[in-house]
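# Report on the structure
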Amino acid sequence: LSLMGRGPFGSSSRRASSYDQSASLAYVTSADGFAPLTRMLFSFGDELTANPEATCEDRDANILLNRERLDSSLALGLAFLTDHQRPEGNFDYEYDWKTDELSEDDSSVRQAGALWGLSLIFHDMMDTRHREEESRERNGEGSGGALWGLSSLFQGMVDTRGRNAEGSARDSVLRDVVRRLREGIDFFRKNSRILNRPITDDDHGAALVGINKMRYIQYPGDQLNDAGCQALVCLALIEFLRGLNCEQQAAPTGVSADEIDDYQELLDEFLPFLVTQHTALSEDRFEAWDALVEAGAKVIDSGVWFGEKPRGSEQSADLQMEKWWDDAAGVAEGAFHSRFDELGKRSGGPSPYYDGESLLAITKAGKYLGPAYAHLWPLAAGTASSLYDFHVVKARHKDEDSSDTKGCFQWLSMSLFELSTVTFGTGRKSRFDLPTAIQKLYRVEDLGAHLVDLAMWMVDVHQTLKRGRNTGYAYEGITPAWAWAAHTIKSPDIETDKDTVANARKLHCTIQTGMDKLISWQVGMGAEASDEIWNGKSGLGGVQNAADESGLRIDVTQHQMHATILARRYVYQDEYAAFPWIEAHRAKTRKAQGKAAARDGTQTEEI
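Residues numbered from 1 in each chain as written. Predicted model: local features only at pLDDT ≥ 70, side-chain atom pairs only at ≥ 80, totals over all residues. Heavy atoms only, no water.

### Focus on the overall build of the chain
The helix and strand tally for the chain stands at 19 helices and 10 strands. Relative to its full complement of 607 residues, the chain shows a buried share of 57%. In the chain, 73% of the contacts between residues at least 6 apart in sequence involve partners at least 24 apart. Total accessible area computed for the chain in this model is approximately 25,300 Å², and 48% of it derives from carbon and sulfur atoms. (Helix = DSSP H or I, 4+ residues; strand = E, 2+ residues; numbered from the N terminus. Buried < 20%, exposed > 50% of the residue type's maximum accessible area, 1.4 Å probe, protein only. Contact = heavy atoms within 4.5 Å. Areas by Shrake-Rupley, 256 points an atom, 1.4 Å probe, with all protein chains shown as cover.)

Written as structure tokens, this is what we have:
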């Protein structure tokens, strides 16, 4: 490993990383030690090079992708993002690992996206830590199992007594990631402006009880600013706050309770500005936000949210909830203004990219950050339906392989996944649990069907496996769709048929084949195999936009690392059971067929 130079996995020739290689290795190594990772790094033979022409019929081409390969790729991607963060907090836009040259290009949206990518990795690290602690509490010290298959991430070396022998190493990685997130967030805080609420004589005290200011990005050199940048900064803050969660969970990160409050307040300034980019809301941002909060507060305060019993008549509370949902979701028939000027004034029509990014930020805030943002949920659900109709149904009617559908694909898919994975009236104190009063108005099966339909479009119509450019973004939508399809097959409450199983198989095979190919475009995972003069450091962990292009753009690496996180979380949580849900489906089918045969005395063919 010392051959690879300084830094977690070496560094570019321009900059040394701030933490040592043993600490970074602790980020991905399994309990068995460093062998899987070092074998992957130093074995660049043909057996580890993906077949770029592979299809889902080439079974032998799919056996290379596994959990170890995904873990190694993610660790290298983290190293690249951190090595290429500038002192100001933003990132090198593009680095050519063969010429050692930096591009002079820049993009506010892709800069914010890189920060979001780093925040997603941080949340994944904290989620893993939390699951390990829960496992130890249930099973005793040293028996922390592979919950969701995430134990190899953030695991460190484990000795025979079950204690973490590299705890300080992995904590140093965590704190370094936190430091870099702080710097990235501060970069966008410094490059932003405040929009203050106008104080008038007839505001009826609104300035005292509502929010008094909003914050918006003013990126250096831009006169018009992109809503997508605003959305991605919000997403970065959301994932950061999800990872921190509370003062106790945040303790290993070195982030204090006061700092958590500060980041929450920052999101409270950025997010309302983003929400009020919505085309269905008033141009007066404060008036629009006040109306949303007031309508939501009335019904949520009635006690029907989070599965609680209403304080008054259950029937009247249900009617109140239904009316609020109808009104709020109905108003959401629209999209988002794509830009705003230096004074914060909205401009521009819908953009498939920015619409999707804005929707995802609003959806995740409403789902994961508690009742303070619960009033955004019907707006998110209604907007998702509106965007699906506009950017998918109508766009595909004009052009089956629509560029609009491609533009919103992963953003809308991720939003649909979040919106469909909820429960109703279980009584859990969780944002996943919605009131039973709206269950008949809010059909998760329809949202899930849209999600799978989008993924099948990406596979069959857009033909992502045949594309010559990097399609890491596609797996940010395909993998959640596979997870939903697998869920429907396992669920006794959702009807499934042969098509559902066939779609799930195709999506699974596409993930295997496509992700394996894309990983081979990553420096350190195969891209450097044909370069005899590579120094073992330059560009390590960055992802190429094509097999024969040496430029490493931050957004390409960021999208692929998120796709890698999703694949590890949902598909490769147990690589030895690729289709565990197939047997569940067959058992469910046999049971249903047995009942039918018992009724009519006939025999049916097993699916």
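### Let's talk about helix H9 (residues 257-275)
The first and last C-alpha atoms of H9 sit 27 Å apart over 19 residues, in line with the 27 Å expected at 1.5 Å per residue. Taken residue by residue, H9 has Ile260, Tyr263, Leu266, Leu267, Glu269, Phe270, Leu271, Pro272, Phe273, Leu274 and Val275 as its buried positions. (Expected span 1.5 Å × (residues − 1).)

### Quick word on the sheet that holds strand E2 (residues 101-102)
Hydrogen bonds between backbone atoms are what pair the strands of a sheet, whose relative direction is either parallel or antiparallel. Ordered in space as E2-E1-E10, the three strands form an open sheet in which the pairing is antiparallel. With one partner strand each, in any of the chains shown, E2 and strand E10 (551-553) form the two edges of the open sheet. (Pairing = 2+ DSSP bridges.)

### Notes on the pattern of salt bridges
The full count for this structure, using the stated rule, is 29 salt bridges. One salt bridge in this structure joins Asp124 and Arg569, with 2.5 Å as the shortest N-O distance. You can see Asp124 sitting in helix H4 (residues 108-139) and its partner Arg569 sitting in helix H18 (residues 554-571), a full 445 residues away along the chain. Linked through salt bridges whose partners overlap, the residues forming this network are Arg67, Asp71, Asp124, Arg568 and Arg569. (Salt bridge = Lys/Arg side-chain N within 4 Å of Asp/Glu carboxyl O.)

### Let's talk about the side chain of Ser338
Its place among the elements puts Ser338 in the loop between helix H11 (314-331) and strand E6 (339-340). Its relative accessible area of 4% is what places Ser338 among the buried residues. Here the side chain of Ser338 touches Gly349 through a polar contact of 3.0 Å, landing on its backbone oxygen. Those residues in contact with Ser338 that sit more than four places away from it in its chain are Asn225, Asp226, Ala227, Ser347, Gly348, Gly349, Ser351 and Tyr354. (Polar contact = N/O pair within 3.5 Å; in protein donor to acceptor, adjacent residues only side chain to side chain.)

### As for the packing of aromatic side chains
Across all of its chains, the model carries 15 aromatic pairs by this definition. Between Trp97 and Trp534, the ring centres sit 6.4 Å apart and the planes meet at 90 degrees, which makes this aromatic pair edge-to-face. Taken together, the residues Trp97 in the loop between strand E1 (94-96) and E2 and Trp534 in the loop between helix H17 (498-519) and E10 connect sequence positions 437 residues apart. No difference in accessibility class separates Trp97 from Trp534, as the two residues are buried. An aromatic cluster is present here, built from Trp324, Trp325, Phe424 and Tyr442 joined pairwise through their rings. The ring of Tyr368 carries Arg242 above its face, with NZ or CZ at 3.6 Å from the centroid. (Phe/Tyr/Trp six-rings, centres within 6.5 Å; stacked < 30°, edge-to-face > 60°. Lys NZ or Arg CZ within 6 Å of the ring centre and 35° of its normal.)

### A closer look at the confidence of the model for the chain
Should pLDDT be low for a region, the predicted coordinates there are not to be read in detail. In this model, the chain carries a mean pLDDT of 79, and residues with pLDDT of at least 70 account for 72%. Under a pLDDT of 50 for its full length, residues 603-607 has, in the predicted model, 11 contacts with residues more than four places off or in other chains. (pLDDT = per-residue confidence, 0-100.)

### Here's the deal with the nonpolar core
Core analysis: the largest hydrophobic core is formed by 154 residues, its most contacted members being Tyr442 and Ile478. No other element matches the 13 residues that helix H7 (residues 227-244) contributes to this core. Not counting residues up to four positions away in its chain, the partners in contact with Ile478 are Phe409, Ala455, Met458, Val459, Thr464, Leu507, Thr510 and Ile511. (Core = buried A, V, L, I, M, F, W, Y, C linked by side-chain atoms within 4.5 Å.)

### Structural notes on the packing of helix H15 (residues 444-460) against helix H16 (residues 472-490)
Close contact between H15 and H16 brings their axes to 9 Å; oriented N to C, the two are set at 135 degrees. Classed by the angle they form, the pair H15 and H16 counts as oblique. Seen along the crossing, H15 lies across H16 with a hand that is left-handed. Contacts between H15 and H16 involve Val444, Glu445, Gly448, Ala449, Leu451, Val452, Ala455, Met458 and Val459 from the first element and Tyr473, Ala474, Gly477, Ile478, Pro480, Ala481, Trp484 and Ala485 from the second. (Axes fitted to C-alpha atoms, helices over the stretch in contact; angles between N-to-C directions. Parallel < 35°, antiparallel > 145°, perpendicular 65-115°, else oblique. Left-handed = near helix turned anticlockwise from the far one by under 90°.)

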